[in-house]
Amino acid sequence: RPAVHIYEGEKGLNQVYEEIKGAKELLFWSDLSAAEKLFPEAVRRINHATVENKIYTRDLIPDTPDARASSKRWAATAGELYRSRLAVGPIFNDSVVYNNVVAFFRLQHQNLFVVRIEDPTIAASMKTLYDMAWSAAKPFIG
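Model, not experiment: these values are computed from the prediction.

Student: I would appreciate a short explanation of unusual backbone geometry in the present structure.
Tutor: Residues apart from glycine generally show negative phi values, whereas peptide bonds are mostly found in trans. You will see that Lys54, though not glycine, has its phi angle at about 50°, which is positive. Position of Lys54 relative to the elements: it lies in the loop between α3 (40–52) and β3 (56–61). Judged by its relative accessible area of 65%, Lys54 is exposed. The phi angle at Asn99 is positive, at roughly 50°, despite the residue not being glycine. Note that Asn99 resides in the loop between β5 (94–98) and β6 (101–108).

Student: Mind showing me how you'd approach helix α5 (residues 120–136) here?
Tutor: Structural remark: α-helix, 3.6 residues per turn; residues separated by three or four positions point the same way. Across its 17 residues, α5 extends 25 Å between first and last C-alpha, which sits within 8% of the 24 Å expected from 1.5 Å per residue. Of the positions making up α5, those classed as buried are Ala123, Met126, Tyr130 and Trp134. Buried residues of α5 fall within an arc of 85° about the axis and therefore sit on the same side. When the buried face of α5 is taken as reference, the exposed residues oriented beyond 90 degrees from it are Thr121, Ser135 and Ala136.

Student: Got a minute to help me understand the packing of aromatic side chains in this structure?
Tutor: Using the criterion set out here, one finds seven aromatic pairs in the structure. Consider the rings of Tyr17 and Phe105, whose centres lie 4.4 Å apart with planes at 5°: the pair is stacked. Here the residue Tyr17 occupies a position in helix α1 (residues 9–20), and Phe105 occupies one in strand β6, the gap between them amounting to 88 residues. When its relative accessible area of 2% is taken as the criterion, Tyr17 is described as buried. When its relative accessible area of 3% is taken as the criterion, Phe105 is described as buried. Three or more aromatic residues joined by ring pairs form one cluster here, namely Trp29, Phe104, Tyr130 and Trp134. Sitting over the ring of Trp134, Arg58 keeps its end group 5.0 Å from the ring centre.

Student: Is there a simple way to think about the side chain of Thr50 in this case?
Tutor: Along the polypeptide, Thr50 turns up in helix α3. Assessed through its relative accessible area of 0%, Thr50 is described here as buried. Reaching out from Thr50, the side chain makes a polar contact with the backbone oxygen of Asn47 at a distance of 2.5 Å.

Student: What is the right way to look at the environment of Glu19 in this model?
Tutor: Along the chain, Glu19 falls in helix α1. Residue classification places Glu19 among the partly exposed positions, given a relative accessible area of 33%. For the pair formed by Glu19 and Tyr98, sequence separation is 79 residues and the distance between their alpha carbons is 9.8 Å. With sequence-adjacent residues up to four places away left out, Glu19 is seen in contact with Tyr98 and Arg116.

Student: Would you mind showing me how to read the sheet that holds β6 here?
Tutor: Two modes of strand pairing occur in sheets, parallel and antiparallel, and in both the strands are linked by backbone hydrogen bonds. Taken in spatial order, the eight strands of this open sheet run β1-β7-β6-β5-β2-β3-β4-β8, and their pairing is mixed. Two strands in the sheet have a free side with no partner beyond their single neighbour: β1 (3–8) and β8 (138–141). Ignoring strand direction, the axes of neighbouring strands in this sheet form an average angle of 20°. Of the strand pairs in this sheet, strand β2 (residues 25–30) and β5 are connected by four bridges, and their pairing is antiparallel. Paired with Leu27 across the bridge in β5 is Val97.

Conventions adopted
- Residues numbered from 1 in each chain as written.
- Predicted model: local features only at pLDDT ≥ 70, side-chain atom pairs only at ≥ 80, totals over all residues.
- Heavy atoms only, no water.
- Helix = DSSP H or I, 4+ residues; strand = E, 2+ residues; numbered from the N terminus.
- Buried < 20%, exposed > 50% of the residue type's maximum accessible area, 1.4 Å probe, protein only.
- Expected span 1.5 Å × (residues − 1).
- Arc of directions from axis to C-beta.
- Phe/Tyr/Trp six-rings, centres within 6.5 Å; stacked < 30°, edge-to-face > 60°.
- Lys NZ or Arg CZ within 6 Å of the ring centre and 35° of its normal.
- Polar contact = N/O pair within 3.5 Å; in protein donor to acceptor, adjacent residues only side chain to side chain.
- Contact = heavy atoms within 4.5 Å.
- Pairing = 2+ DSSP bridges.
- Axes fitted to C-alpha atoms, helices over the stretch in contact; angles between N-to-C directions.

Rendered as structure tokens:
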């Protein structure tokens, strides 16, 4: 059975964001600017951890000025470890595949939560879907 947990509120989201810092690879599809606005310290810590721990990171972002600016800030620190591409449609939240985990964050002030699913087959399937979306997306930083 997959391990499924729902974490609520700032404390719950920060707990999962903290866990991400120990990943080997991060595959985000996110509105990084929304995460930055709500959790600037968590985003900064993850960004610095990618450099310190040499975590290769790919990010599918919405094609908005704010998301582009956030991606440039991340790249300024992470350098060659970070790549981003522009998604065809909107992305409102933050989602990530790492290790054997898929995490779906809801980044709305009134209702913050993350659904964390740990299962190797679900993570592998989501990585396959991610790779297909990555191939179709327009390169931005990379």
